[in-house]
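Chain residues, written in single-letter form:
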Amino acid sequence: MLIDLNKQTGDTIQGQLRRSVIDAIHSGQMTPGQRLLPSRQLAEQLGIARNTVTAVYDELVARGYLESVPRRGHFVMADVAPEPEVTPAPVSSVD
């Protein structure tokens with residue numbers, strides 16, 4: 001999973017990381033049962049605090065996106081379905 005954080009945007013690093021993981025799950029880049037990087041390793045890779053990664057993982061567990069397995073790590077939940085693609089409604093012209 002490629003995570004690109006931009007410290008110059010108005011969104012927090014935590015918010016960007018959360019959105020990146022959710023987007024990867026919904027797009028199918030991360031599949032059910034897939035193990036995420038350990039928080040320490042991901043934090044080091046991204047150059048951010050481990051507490052930030054831990055907070056995001058904890059929130060995603062609470063929201064049902066991830067499962068935490070003691071001594072094994074965090075995994076994508078099996079029952080997280082991809083978000084349906086939204087097709088814009090056709091615009092009708094009124095004469």
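Everything below is about the structure shown above.
Residues numbered from 1 in each chain as written. Predicted model: local features only at pLDDT ≥ 70, side-chain atom pairs only at ≥ 80, totals over all residues. Heavy atoms only, no water.

> What am I meant to see in the pairing of strand E2 (residues 73-76) here?
Along any regular strand, the residues point their side chains to alternate faces of the sheet. In this structure, strand E1 (residues 66-69) lies alongside E2, joined through four bridges in antiparallel fashion. Across the sheet, the residue bridging to valine 69 is glycine 73, located in E2. What sits between the antiparallel neighbours E1 and E2 is a turn of three residues, in which arginine 71 has the positive phi angle 65°. (Pairing = 2+ DSSP bridges. Helix = DSSP H or I, 4+ residues; strand = E, 2+ residues; numbered from the N terminus.)

> Please explain the packing of helix H1 (residues 13-27) against helix H3 (residues 50-62) as it appears in this structure.
The axes of two packed helices give the description: the angle between them and the distance between them. Direction vectors running N to C along H1 and H3 enclose 45°, while the axes themselves pass 10 Å from each other. Classed by the angle they form, the pair H1 and H3 counts as oblique. Considering how the two elements wind past one another, H1 and H3 form a crossing that is right-handed. When H1 is examined against H3, the residues Ile13, Gln14, Leu17, Arg18, Val21 and Ile22 are found in contact with a partner set consisting of Thr52, Val53, Ala55, Val56, Glu59 and Leu60. Grouping the constituent residues of the contact of H1 with H3 by class yields eight nonpolar, two polar and two charged. (Axes fitted to C-alpha atoms, helices over the stretch in contact; angles between N-to-C directions. Parallel < 35°, antiparallel > 145°, perpendicular 65-115°, else oblique. Left-handed = near helix turned anticlockwise from the far one by under 90°. Contact = heavy atoms within 4.5 Å. Nonpolar A, V, L, I, M, F, W, Y, C, P; charged D, E, K, R; others polar.)

> Would you explain helix H2 (residues 39-46) in this entry?
For an α-helix, the turn length of 3.6 residues means that residues three or four places apart are oriented alike. If you check which residues of H2 are buried, you get Ser39, Leu42, Ala43 and Leu46. For H2, the buried positions fall inside an angular range of 100° around the axis, keeping them on one side. More than 90 degrees from the buried face of H2, the exposed residues found are Arg40, Glu44 and Gln45. Residues of H2 that are buried in the fold lie against H1 and H3. (Buried < 20%, exposed > 50% of the residue type's maximum accessible area, 1.4 Å probe, protein only. Arc of directions from axis to C-beta.)

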